[in-house]
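Structural features, examined
Now for the letters of each chain:
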Amino acid sequence: MNFHTRKWVKPEDLNPNGSLFGGTLLRWIDEEAVIYAIVQLGNPRVVTKFISEINFVSSAQQGDIIELGIKATDFGRTSITLTCQVRNKITRKSILTIDRMVFVNVDEQGNPVPHGRTAITYAIENDRS
């Protein structure tokens, strides 16, 4: 699992309970995952197709630094499947997990097109980043 993106939880990211708003976290995850998919597939036209069950394990509070981990788990003919973990950067406590996120490689008209990839094309898997 590569943990490249870090976010600082600020007041504008909080829900009425004073913890990180789930919608904000999901927006961050979708953006990070699509960037990962774009880099892997070499095409800036990649769309979110499917996100499996989202498991909110614990919350993040104002001032926490969280990190998003993304890993490619499967390559289809036109798609890439990723898994995601979010954790507290300092404590390493899990905040959220998503088992499957599927992104589809599309052409200029938004039609699925084969990407020709079968394996991760960059980065050494390193849990200590």
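Residues numbered from 1 in each chain as written. Predicted model: local features only at pLDDT ≥ 70, side-chain atom pairs only at ≥ 80, totals over all residues. Heavy atoms only, no water.

1. Quick look at the overall build of the chain
- Each helix and strand in the chain was counted, giving one helix and six strands.
- Across the chain, helices and strands are ordered from the amino to the carboxyl terminus as β-α-β-β-β-β-β.
- The C-alpha atoms of the chain give a radius of gyration of 15 Å, which matches the 14 Å a tight globule of 129 residues would have.
- Buried positions account for 41% of the 129 residues belonging to the chain.
- For the chain, the exposed area adds up to about 7,100 Å²; of that, 51% sits on carbon and sulfur atoms.
- For the chain, the centre of its 15 positive side-chain charges and the centre of its 14 negative side-chain charges are spaced 4 Å apart. (Helix = DSSP H or I, 4+ residues; strand = E, 2+ residues; numbered from the N terminus. Rg over C-alpha atoms; globule rule 2.2 N^0.38 Å. Buried < 20%, exposed > 50% of the residue type's maximum accessible area, 1.4 Å probe, protein only. Areas by Shrake-Rupley, 256 points an atom, 1.4 Å probe, with all protein chains shown as cover. Lys, Arg positive; Asp, Glu negative; His and termini not counted. Charge placed at Lys NZ, Arg CZ, Asp CG, Glu CD.)

2. Comments concerning the nonpolar core
- Formed by 26 residues in total, the largest nonpolar core has its most connected members in Leu-25, Ile-29, Ile-66, Leu-82, Val-86 and Phe-103.
- Considering each element in turn, this core owes the most residues, eight residues, to helix 1 (residues 22–41).
- Among all residues touching Leu-25, those that are not within four sequence positions of it are Leu-20, Phe-56, Ile-66, Val-86, Ile-95 and Leu-96. (Core = buried A, V, L, I, M, F, W, Y, C linked by side-chain atoms within 4.5 Å. Contact = heavy atoms within 4.5 Å.)

By themselves, these figures tell us nothing about what the structure is for.
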